Amino acid sequence: MTPYPADERFRIGIDIGGTFTDFVFYRETENCIRTFKVLSTPSNPAEGVVAGMAMLPQVERATLVHGSTVATNALLERKGAKTAFLTTAGFRDLLLIGRQTRIDMYDLVARRAQPLVPPELCYEITERLDHRGQVITPLNESELDGIIDSLRQQAVEAVAVVLLFSFVNPIHEQAVAQRLREAGWFVTASHEVLPEFREYERASTTVVNAYVSPILNRYLADLDARLPIENFHILQSNGGRMSVVQARTQGVRSIMSGPAGGVVGARYVASQAGYEHLVTFDMGGTSTDVSLVWDSIPVTTETVVDGLPIRVPVIDLHTIGSGGGSVAWVDAGGVLRVGPQSAGAQPGPVCYGQGGLHPTVTDANVVLGRVPADGFLGGTMSLDRTSADAAIRRLGEALGLSSSSGLSIEQVTAQGVLDIVNVQMERALRVMTVERGYDPRDCVLVSFGGAGGVHAAELARHLRIPTVLIPPYAATLSALGMLAADVRWDDVQTIMLPGETAFVELERRAKPLIERGWMVLREQGIDMSRGHVWCELDIRYAGQSFELAVPFTAAFREEFDRIHEARYGYCQPSAPVDIVNLRVRAVGVQEPPPIAKREPASSPDPSSALWTRRPVVFETVVESVPHYRGAALRPGHRLVGPAVVVHDDTTILVGPSDRATVDPVGNLLIEVGTHD
Amino acid sequence: MTDPIRTELIKHRLASIAEEMGVRLQRAAYSPNIKERRDFSCAVFDACGRLVAQAAHIPVHLGAMPLSVQACLQAHTLMPGDVMIVNDPYHGGTHLPDITLVSPVFDDEREPASLLGFVANRAHHADIGGMTPGSMPLSQEVYQEGLIVPPVKLVQGGVLNEQLWTLLLANVRTPVERAGDLRAQLAANRTGQSRLQALADRIGCARLREDMDEVLRYSERLTRRLLATLPEGVYRFEDVMDDDGIEDEPARIAVTLHLRGDEALVDFSGTARQRRGCINAVYPITLAATAYVFRCVLGMDVPANSGCMVPITVQAPEGSLVHAKPPAAVVGGNVETAQRIVDVLLGAFAQACPDRIPAASQGTMNNVAIGGWDPLREQPFAYYETIGGGAGASPTAPGTSAIQTHMTNTMNTPIEALEYAYPLRVHRYALRPNSGGSGRWTGGDGICRELVFLCPATVTILSDRRTRGPYGLAGGGSGQPGRNRLVCSDGTIRELPGKCQLSVDAGNVLVIETPGGGGYGSLE
């Protein structure tokens, strides 16, 4: 692989968070990565970006990759463009009916997610194609005049056009989209964003795109006007980057940009440390994200965001509503529960002293000494341990617990709170490993959320994960991921052909998609020598409704049986199959910048980093445990558990049977002991 | 003595086992009905056969599965390596397409092996033989509905009973698909077994038993506490099924709900005798529908297990529509009568706690089965769907339109998927305007679905609420009854009864309009 052109020598990754906007930059001449952060500016995120960029030299020659939550927030806060929906006559209520299921089976009131388009902005037009793409009812273009008048009166900004079977033959959608574009609207036609069958999911994806793209577009235009950067990219939900030009019409592809950055960053850090199979564990204040990286970034096309299906490839994450801020409480049956309510950032856990009254997971960690009260945020914020003790004690009393085995009532209770949150985390980790057919024993657990460091080793022990990796860049991992992200473009086309179809026919069908993939890469300055474009087929047994991705080779049939056997435990070589979709993946492989090695320690003895010794509760014993300053640990230092490592933004617990070492770039690698 | 921490831990651990079984079943299953529509449930039971955890997928399975385990326990002594199979509605089953597999779990480390509990899963099979493809016929006795499997050992001491397997597959229309789904069910139980054994290894057998006991007591305790908050009294309600598809005469379902302290008695005395048509419900269906209603009404953040039903007694007269005896036809009891049982029990609850009970929802599943010979694809075809309708308005909001309610929550088949696979074209799939009952809050609208046949076909419709609409509450109007019609090529319209079987020609259009939900509150 040849080196990147000049403008890749200076790379910037930017991730906009709720409080801080993180910057990571790499300069080839220095061969090192630097990070810094500026305060976020939620009312106009561009302000924070511009402020941070002002602190960097030579920006006009840089490649900038930006994780944008602009589209995400527009969707979650329902602050997107005023959008109309236009579909085939007879199906005006398509978005409302959805798959006709309700969210909660045991809710007396049947509910569903509210569509982004209200009924009065749903229109239909006379036309119909059959499943072969043949016109059954011609498009009645004259109906568009009335629709255009109505759209004007309603002051609509964007229109989603979704006609049945447009993915087989887009002729009607193209005609409608062209008229509406000429009339001045932002238009997304479904065949442009997702030429795939299943009308509701395609419609939902198309509507989300029409709804968020104008908002993203305004933001990018603002940024573009203020920052003269030629090589400007957005991180997509699939973990790859795309040019701003594409992002402007395909906003839906950036919906999961933020979490994707974290996983890409974790994979990058783990891979530099020699691990290719990892479980990422991002435990924050209110929620926890888990994903499994098995060589490559895992993507799914089955994502549902806030009740709305989004069928473009999105990083495969499992999210649960538990975190450090989850509230512990007593239910009506007298049992200890943790979450789903969270104390959030405001008022936060009791120990923050900001008015929080309900004990949380973080308070339990403070009570047990696992999070030192005076080491929080680098000592800039001291935690109120007395209040945490009192709150947890009240909880224990309400539960009828008593002191036992030399532990106080608050210690017994805090232990229970942690056991319960850990069993929830364990379930989440099992969902992404065991339940997908992967053995956790072959993985490394990469923990990077602020609240995860105290739980990671214990969770790994329960799942028999041998190693925990905690990167030194935990807080800026997402921005780091931006530097490591490949250029990536995923495309799909439903073809629905019988399994007997000749491979030359499949090649003929694939040709235009492959050409489009190359075009996308070329637009981003990637030529044949550095790009890679390949196809996959989605195949299923005739009559089934789940497809499997199969390599694009003449032996696709045998490959399908082999993959089916591996995934589901059986196959049927004589049964007929459907070739459902053709998928194209275009990737411009990014040479990730090396993470700079740190100055090694002169001896494995970490006592130079020792900060203090404190009592910490483990099960039924209280031990005096050394606490180390994370910033003072050097590559080569070895820690023998129990130990606590205190960073500015997180605390790490090394259990009594664990060992830990600092690797050459500063990752803490915990070798997980077997003792429970 | 209650341990408030252990109870919560075991709750998560057992639920995780049931969920993992479900993932295994879904992954390994062959048929779309299980793989995509998720028409299955998985559960863990204690050594007495009491349900301790269930991965909740299908409301109609909740509350009914313990009876399958009990039936297996009564029929045979279970040994390590055995797996029982059952679908007999009169021996622990509900209707024949629902096949349940039950495996005992032993602690193999000990000598003799001691019983830890059971794992079981139930899946709806797309065909189990009988009169019509899809096994949802307009039958008049259970023997016409398909192969009846009483509780028998499918696997004995770890060895599959090949002869039974062959017999089973010889009686169904799609043996390859059935074999695939049954193997998936076996795999799901194996997953549950090893997870339950691993849990026993981790916390010890004795503690596992204690914890299972405690999680049952916990659910019972929570349920009693919530029941005690309901106003004491005796509340009666009744409603009817339109007909049984054979005799055009309504069939009454009556209930008397006794709320007393922290207990409840649900008495279905006064319900019609079982009928010749297929709308009879066996007792497990009635129990499941009751369990569903209590779970909804109590707003239960309570682990779904047998403990929830301890304070609730369900009396259903033998030989009635809600406790059918052999050889009554029962296939519609599961899909149609179950909805009405929910309606009447909610009607009774509406008098006890009017502030939280919504008006009646569509009260049917609108089952449509279509089969024939597809000349384009040159193969036979069989298609089955259920159609959503209007939900009842609640005391505080209008009812949701066009949605699956109460005892079902299965997805529709996408139009584009349907037209790829079958000689059918969907002409319209839309809200049915003004079909929700009037009131301060209007009921949700039903659906209007129009299917065009591209070749001759046989159609079976199993639907209800075609003559009387779903009731409104507090002065709200009834929802519009549903309506089934066939529009012929020459434009003539043929009104169809709620339950019927008919032959159609190419170009005919089947128009199904599903009921709207009842309205709530009078219009001022």
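Conventions adopted
- Residues numbered from 1 in each chain as written.
- Chains lettered and ligands numbered in written order.
- Predicted model: local features only at pLDDT ≥ 70, side-chain atom pairs only at ≥ 80, totals over all residues.
- Helix = DSSP H or I, 4+ residues; strand = E, 2+ residues; numbered from the N terminus.
- Rg over C-alpha atoms; globule rule 2.2 N^0.38 Å.
- Buried ≥ 20, exposed ≤ 12 C-beta atoms within 10 Å, placed from the backbone.
- Contact = placed C-beta atoms within 7 Å.
- Pairing = 2+ DSSP bridges.
- Axes fitted to C-alpha atoms, helices over the stretch in contact; angles between N-to-C directions.
- Domains from an automatic or database assignment.
- Nonpolar A, V, L, I, M, F, W, Y, C, P; charged D, E, K, R; others polar.
- pLDDT = per-residue confidence, 0-100.
- Parallel < 35°, antiparallel > 145°, perpendicular 65-115°, else oblique.
- Core = buried A, V, L, I, M, F, W, Y, C linked by C-beta atoms within 7 Å.
- Expected span 1.5 Å × (residues − 1).

(A) Up close: the overall build of chain B. Secondary structure assignment for chain B yields nine helices and 20 strands. The globule rule puts the C-alpha radius of gyration for 524 residues at 24 Å, and the 23 Å found for chain B is close to it. When its C-alpha atoms are laid out on the principal axes, chain B stretches across 75 × 60 × 40 Å. Each of the 524 residues in chain B was classed as buried or not, and the buried ones make up 64%.

(B) Representation of the overall build of chain A within the structure. What chain A contains, in helices and strands, is 16 helices and 34 strands. Its C-alpha radius of gyration of 27 Å places chain A within 12% of the 26 Å reference for a compact globule of 676 residues. If you line up chain A on its principal axes, its C-alpha atoms span 80 × 65 × 60 Å. Here chain A, with 676 residues, has 54% of them falling under the buried criterion. Residue pairs at least 24 apart in sequence account for 66% of intrachain contacts in chain A once pairs closer than 6 positions are excluded.

(C) Here's a closer look at the sheet that holds strand β31 (residues 643–646) of chain A. Residue and element names in this part refer to chain A. Here four strands make up an open sheet; going across it, the order is β28-β29-β31-β32 and the pairing mixed. Only two strands of the sheet have a single neighbouring strand rather than two, namely β28 (610–618) and β32 (651–654). The mean inter-strand angle of the sheet, taken between neighbouring strand axes irrespective of direction, is 25°. With three bridges joining them, strand β29 (residues 621–629) and β31 adopt parallel strand pairing. Bridge pairing in β31 links R629 to V646.

(D) Quick peek at the sheet that holds strand β22 (residues 444–447) of chain A. Residue and element names in this part refer to chain A. Across the sheet, eight strands lie side by side as β19-β14-β13-β22-β23-β34-β33-β30; this open sheet has mixed pairing. The open sheet has two edge strands, β19 (318–320) and β30 (638–640), and neither has a second partner. Going from strand to strand, the sheet's axes swing by 20° on average, the running direction of each strand aside. Inspection of the sheet shows strand β33 (residues 659–662) paired to strand β34 (residues 668–671) by four bridges, in the antiparallel sense. When the sheet's bridge partners are listed, T661 is paired in β34 with L669. Helix α13 (residues 456–463) contacts β13 (277–283), β22, β23 (467–470) and β34 of the sheet and is inclined by roughly 155° relative to β23.

(E) Geometry of the domain arrangement of chain A. All names here are of chain A. In terms of domains, chain A is made up of domain 1 (78–218) and domain 2 (487–588). Taken over C-alpha atoms, the centre of domain 1 sits 27 Å from the centre of domain 2. The class makeup of the residues in the side of domain 1 that touches domain 2 is four nonpolar, no polar and one charged.

(F) Structural view of the confidence of the model for chain B. When the pLDDT values of chain B are averaged, the result is 94; 99% of them are 70 or greater. Predicted complex, confidence summary: ipTM 0.93, pTM 0.93.

(G) Expanded view of the interface of chain B and chain A. Counting from both sides, the interface comprises 57 residues of chain B and, opposite them, 47 residues of chain A. Within the residue set of the side of chain B that touches chain A, elements represented by two or more residues are α1 (4–28), α2 (32–35), α5 (175–203), α6 (205–227), α7 (283–297), α9 (415–421) and β14 (424–432) of chain B. Grouping the amino acids of the side of chain B that touches chain A by side-chain chemistry returns 28 nonpolar, 15 polar and 14 charged.

(H) Looking closely at the domain arrangement of chain B. Residues and elements named next belong to chain B. Per the domain assignment, the segments making up chain B are domain 1 (4–217) and domain 2 (358–524). Using only C-alpha atoms to locate each centre, domain 1 and domain 2 end up separated by 32 Å. Each partner contributes to the interface: domain 1 provides 11 residues, whereas domain 2 provides 13 residues. Taken together, the residues of the side of domain 1 that touches domain 2 sort by class into six nonpolar, two polar and three charged.

(I) Structural view of the packing of helix α11 (residues 385–399) of chain A against helix α12 (residues 409–432) of chain A. Residues and elements named next belong to chain A. With their axes 8 Å apart at the nearest point, α11 and α12 run at an angle of 80° to one another. Here α11 is positioned roughly perpendicular relative to α12, judged by the angle of their axes. Here α11 contributes D389, I392, R393, L395, G396, E397 and L399 to the contact with α12, which in turn contributes I409, E410, V412, T413 and A414. Looking at the contact of α11 with α12 residue by residue, the class counts come to six nonpolar, two polar and four charged.

(J) Broad picture of the pairing of strand β16 (residues 457–462) of chain B. All names here are of chain B. Where burial is concerned, most of β16 is hidden: five out of the six residues are buried. Where strand β12 (residues 367–374) meets β16, five bridges bridge the pair, whose relative direction is antiparallel. In the sheet register, A369 faces β16, and the bridge partner there is T460. Bridging between β16 and strand β19 (residues 499–504) involves six bridges; their strand directions are antiparallel. Its bridge partner being in β19, V459 is matched across the sheet by L502.

(K) Fine view of the nonpolar core. Judged by nonpolar contacts, the single largest core of 363 residues is most densely connected at A:V159 and B:L345. With 12 residues, the top contributor of residues to this core is helix α7 (residues 199–226) of chain A.

(L) Examining the pairing of β31(A) more closely. Residues and elements named next belong to chain A. Burial along β31 is two-sided: A643 and V645 facing one way and V644 and V646 facing the other are all buried. Two elements, β31 and β32, share four bridges in a ladder whose sense is antiparallel. Within the sheet, the bridge partner assigned to V645 lies in β32 and is I652. Adjacent in sequence and paired antiparallel, β31 and β32 are bridged by four residues.

(M) Layout of the environment of B:I10. Residues and elements named next belong to chain B. Looking at the element boundaries, I10 is found in helix α1. Accessibility expressed as a C-beta count within 10 Å gives 26 for I10, which makes it buried. Spatially, the C-alpha atom of I10 lies 10.0 Å from that of I203, the residues being 193 residues apart in sequence. If sequence neighbours within four positions are ignored, I10 has contacts with D211 and V215.

(N) Structural detail: the packing of α1(B) against α6(B). Residue and element names in this part refer to chain B. The contact between α1 and α6 brings their axes to 9 Å, and the two run at 100°. In terms of axis orientation, α1 runs roughly perpendicular to α6. Only D211, E214, V215 and Y218 of α6 make contact with α1, whose side of the interface consists of R6, T7, I10, K11 and L14.

(O) Molecular detail of α7(B). The terminal C-alpha atoms of α7(B), which comprises 15 residues, lie 21 Å apart, in line with the 21 Å expected from a rise of 1.5 Å per residue. With 15 of 15 residues buried, α7(B) is to be regarded as a mostly interior element.

(P) Expanded view of the confidence of the model for chain A. Taken over all residues, the pLDDT of chain A has a mean of 90, while the share at 70 or more is 97%. In this model, residues 1–7 of chain A is a region of pLDDT below 50 whose contacts with residues beyond four sequence positions or in other chains number 12 contacts.

(Q) Seen up close, unusual backbone geometry. Of note, the amide linkage connecting A:G339 to A:P340 takes the cis form, showing an omega dihedral of 0°. For A:P340, the position within the fold is in strand β21 (residues 336–342). Note the cis peptide between B:P326 and B:P327, where omega equals 5°. Looking at the secondary structure, you find B:P327 in the loop between β11 (312–315) and α8 (331–352). In this model, B:S135 sits at a positive phi of 55°, which is unusual for a non-glycine residue. Structurally, B:S135 is set in the loop between β5 (114–124) and β6 (152–156). Exposure remark for B:S135: the 26 C-beta atoms within 10 Å place this residue in the buried category.

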